[in-house]
Amino acid sequence: YQRRVRVAPWEVDAAAKGAKGVRHPNFDDIQVQLNQTMKIPIDLSASGPGNVEVSCMHENSKQPCPVTVVPTKQGAVEIAVKPLETGPHLLHVTFNGVDIPKSPFRFNVDPPSGANAVALKKNNAVKVVKDGVQFSVDCSRAGPGVLTASCAGPDGQLVPCECKKSGSDQNITIKPTKPGLHKLEIMWDGQPIPGSPIEVMIDMVDGRIVYELCDVLLMLMGAFTVRTPDLSNIQLEINQFIRIPIDTRLAGPGKLQVTCKNEDTGTTIDCEMKKTGDMHEITIKPTDPGKHQLNILWDGKHIPGSPAYFTVKGPAPARLCYILSGANHIKCSKGAISFRCTTKDAGKGEVTAIGVDPFGKPFECTVTEEPDLTYAISFKPEVAGVHNVDVKYKGLSINGSPALIDIKSLPQGDEGGISLELISCRDTTASGSGTETQVQQKATITLPIPKKDHSGLSVSCKGPDGSDISCQLGPSSDTGINILFEPKQGGKHTLTVMLAGENYPGTPVDVEVQGL
C-alpha cells in the first residue's frame, strides 16, 4: 500500500541556484507506517542542471532503506523510500554533491496498522493444495477488519478464490483452470495490503500444479521481458496462417519454446520458428477448426500473454469452392478456352469471373451452370502468354483463384491448334512494380518482352535471403516470354533479366511470394 506524505508549503530561497534552489515539502509533518512507501516530490526547476543523490537509513541501527529517484517531468523528480523497521530515520538529499537546505531530514516510522499490518506469512506462505494454490496471510497485527481477495487468470477472467480464517491468520486458496500468469489482489477493509496484487505463474506438469511467485527482481530479465504483439485478438480460418514477431532482446540467455494444440481434437499444430539476432518469428498454420492453445515459453517459463487461446473458424463459403484440375476439365473449342469449378460444398450461389491477359488488359468471361453445382468458365484469348482468371463465389475469390492459363500458341482455324497449360498456383502478370504470388511449387511469370529481343536473354532469381533460386526462360510468343522459377519460401523474390550483359528495361522485377 503506497501513501504520499502530507505536503506543506514549499521551502525555498527564491533567489537561490544549485542545491539551495531545490524545492521540497516541509518534512516536519511526515507520517509513515512500516510497510508503506513514502513518496516525496522534489522541484529542480530553479536549480539549474545537476544530479540528485538520495540515501536513507535508520538513525539507531544504521540499517539502509531502499530508495529510488524517478524523473516525473522536466525539472522535477520523485523520491520513493520504503522503511524496513520502525523508529527514527534520516533522509540525506544532495544536489551536485551539496546538501539541499535542511538535509539530512529526520522522520519517524510508526508500527503498521490496518492494511499495512497484513502480510504473507514469512514461513510456508504459499503451498500447493488439492486443485489449487494456498496463500497464508498474517493478520495478527491489523486489528479489527475483513480480508477479501480476488484473482484474475491469464485471460483476465476471474479465477475461483476462497478465504478461510485459521486463528489469527487467513488462508486464501485460488483454483486455477489454465496455466499462465495470475494476479491475486488481497484487501483489508477495502485497502490493498503491501505487495498486492501478488503475481504468481501457474504451470501444469504431469497433471500437477507448479507455481512461482513473481516479484520485481524476477521481472527485470527472463521470460517476463519477452515481448510480443497482443495475443488475445488472434482470428483465423482454416488454411490461413499467422506470423508472430517475438522480441527477446531484454531476456538474457535462454531458449524459446513454442507449442500449439487444438483443444477440441487434441491435435498438435506445427509451429515454424525463424531467428534473426535477438528477434524471433513464429508461423502457425492450423489445419482444423476449433479452440487452440498457444504456449510461448522462455527457458521453460511462460512469457506475458502465454498461454494464448484463439478459435479457428471453418472457411468462408467461397473457400469451400474450388477450381477443378485435370485435363478433362479444360477444353478448347472454336477459339475459346473453358475450365470448370464446383460449389457443391458451399451450395448454390452467384459465380462470376473476370480475366486479365499477359499485358494487363481485362477481358470478359462467360460463366455457364452445369449439373451438380459445377460451372464452366470460358473466354477467347487474343494473345499468347499467361492469362489470369479470377473466379468469385458471392463476390469472394474461390480456392485456386485466380486460375492461370498459359496460352503457348494461338488457335489455327476453328478447331484445335491451341497449346496451353492450366497452372495450379496463384500469381499475377509481372509489371515491374511488384506482383503477389501464392505458390504451390512452380510459378510462371509472363514478361511483355518483344520477340526480337528474346535471343540472348538470360534470367536469374534471388530469394528473400539472397540465395539463388532455380529459374529459367520458358516458352515465348511474338509479344512476351515466360519465366519459370521455383520458390522455396515466402517473401520477396527478385527476377533479373539480362540482355547483352545489361539489365533489360523494366527489370529487375519483384515478386512477393505468399503461402509457403
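Values in this document were obtained by computation on a predicted structure and should not be read as measured data.

Asker: Summarise the pattern of salt bridges; cite the residues concerned and give the values.
Answerer: All told, the structure shown has 11 salt bridges when counted by the stated rule. Where Lys183 meets Glu199, a salt bridge forms, and the shortest distance between an N and an O atom there is 3.7 Å. A residue pair is termed long-range when its members are at least 10 positions apart, and Lys183 in strand E17 (residues 180-188) and Glu199 in strand E19 (residues 198-205) qualify at 16 residues. Given a relative accessible area of 15%, Glu199 falls into the buried group. Measuring nitrogen to oxygen at the nearest pair gives 3.8 Å for the salt bridge that ties Lys361 to Glu382.

Asker: Break down the sheet that holds strand E22 (residues 242-247) for me, citing the residues and quoting the values.
Answerer: Pairing in this open sheet of 3 strands is antiparallel, and the strands run E22-E26-E25 from one edge to the other. Each of the sheet's edge strands pairs with one partner strand only, and the pair in question is E22 and strand E25 (271-276). Pairs of neighbouring strands in the sheet enclose a mean axial angle of 20°, with direction left out of account. Where E22 meets strand E26 (residues 279-284), 6 bridges bridge the pair, whose relative direction is antiparallel. The residue of E26 that forms the bridge with Asp247 is Met279.

Asker: Residue-level account of the environment of Gln257, with values.
Answerer: Mapped onto the elements, Gln257 comes out in strand E23 (residues 256-262). On a C-alpha basis, the gap between Gln257 and His302 in space is 9.3 Å, while along the polypeptide they are 45 residues apart. The contact partners of Gln257, leaving out residues within four places of it in the chain, are Asn295, Ile296, Leu297, Asp299 and Gly300. In terms of polar contacts, Gln257 uses its side chain to reach the backbone amide nitrogen of Gly300, at 3.2 Å.

Asker: Quick rundown of the packing of aromatic side chains? Include the residues and the values.
Answerer: Considering all chains together, one arrives at 1 aromatic pair under this definition. When the centroid spacing of 4.9 Å and the interplanar angle of 35° are considered together, the rings of Phe363 and Phe379 count as tilted. Taken together, the positions of Phe363 in strand E34 (residues 362-364) and Phe379 in strand E36 (residues 374-379) put the pair 16 residues apart, joining distant regions of the chain. Across the pair, exposure class does not vary: Phe363 and Phe379 are buried alike.

Asker: With reference to specific residues and values, describe unusual backbone geometry.
Answerer: Omega for the bond connecting Ser103 with Pro104 falls within 30 degrees of zero, at 5°, which places this linkage in the cis form. As for its position among the elements, Pro104 is in the loop between strand E8 (98-99) and strand E9 (105-110). If you check the backbone angles, Asp189 has positive phi at about 50° while not being a glycine. For Asp189, the position within the fold is in the loop between E17 and strand E18 (191-192). Note on Asp189: relative accessible area 48%, which makes it partly exposed. Within the chain, Leu373 stands out as a residue other than glycine whose phi angle is a positive 55°.

Asker: Go over the pairing of strand E13 (residues 147-152) with me, naming the residues and quoting the values.
Answerer: Note that E13 and E17 share 6 bridges and pair antiparallel. Bridge pairing in E17 links Thr148 to Met187. Bridging between E13 and strand E14 (residues 158-159) involves 2 bridges; their strand directions are antiparallel. Looking at the pairing, Ala152 lines up with Leu158 of E14. Counting the residues between successive antiparallel strands, the hairpin from E13 to E14 contains 5 residues, one of them, Gly156, with a positive phi of roughly 85°.

Asker: Got a sec to walk through the environment of Gly114? Specific residues and values, please.
Answerer: Locating Gly114 in the fold gives a position in the loop between E9 and strand E10 (119-120). Using a relative accessible area of 21% as the deciding quantity, one classes Gly114 as partly exposed. Separated by 74 residues in sequence, Gly114 and Trp188 place their C-alpha atoms 7.0 Å apart. Dropping the residues within four chain positions of it, Gly114 is found in contact with Ala142 and Trp188.

Asker: Lay out the nonpolar core with the relevant residues and their values.
Answerer: One finds Leu91, Val93 and Phe107 to be the most contacted residues of the largest nonpolar core, which totals 24 residues. For this core, the secondary-structure elements that each account for two or more residues are strand E3 (37-43), strand E4 (52-58), strand E6 (76-81), strand E7 (87-95) and E9. Once you skip the residues sitting within four places of it in the chain, Leu91 turns out to touch Phe27, Ile40, Val54, Ser55, Cys56, Val81, Ser103, Pro104, Phe105 and Phe107. Ala125, Phe135, Val137 and Ile186 belong to the second largest nonpolar core, which has 22 residues in total.

Asker: Describe the pairing of strand E16 (residues 169-174), naming the residues involved and giving the relevant values.
Answerer: For E16, the buried fraction is high: 6 of the 6 residues fall into the buried class. Along E16, one buried face is formed by Asp169, Asn171 and Thr173 and the opposite face, lined by Gln170, Ile172 and Ile174, is buried too. As paired elements, strand E12 (residues 132-138) and E16 share 6 bridges and run antiparallel to each other. Counted as the bridge partner of Phe135 is Ile172 from E16. Hairpin geometry of strand E15 (residues 161-166) and E16 is characterised by an intervening segment of 2 residues between the two adjacent antiparallel strands and by a positive phi of about 65° at Gly167.

Thresholds, definitions, all that
Residues numbered from 1 in each chain as written. Predicted model: local features only at pLDDT ≥ 70, side-chain atom pairs only at ≥ 80, totals over all residues. Heavy atoms only, no water. Salt bridge = Lys/Arg side-chain N within 4 Å of Asp/Glu carboxyl O. Helix = DSSP H or I, 4+ residues; strand = E, 2+ residues; numbered from the N terminus. Buried < 20%, exposed > 50% of the residue type's maximum accessible area, 1.4 Å probe, protein only. Pairing = 2+ DSSP bridges. Axes fitted to C-alpha atoms, helices over the stretch in contact; angles between N-to-C directions. Contact = heavy atoms within 4.5 Å. Polar contact = N/O pair within 3.5 Å; in protein donor to acceptor, adjacent residues only side chain to side chain. Phe/Tyr/Trp six-rings, centres within 6.5 Å; stacked < 30°, edge-to-face > 60°. Core = buried A, V, L, I, M, F, W, Y, C linked by side-chain atoms within 4.5 Å.

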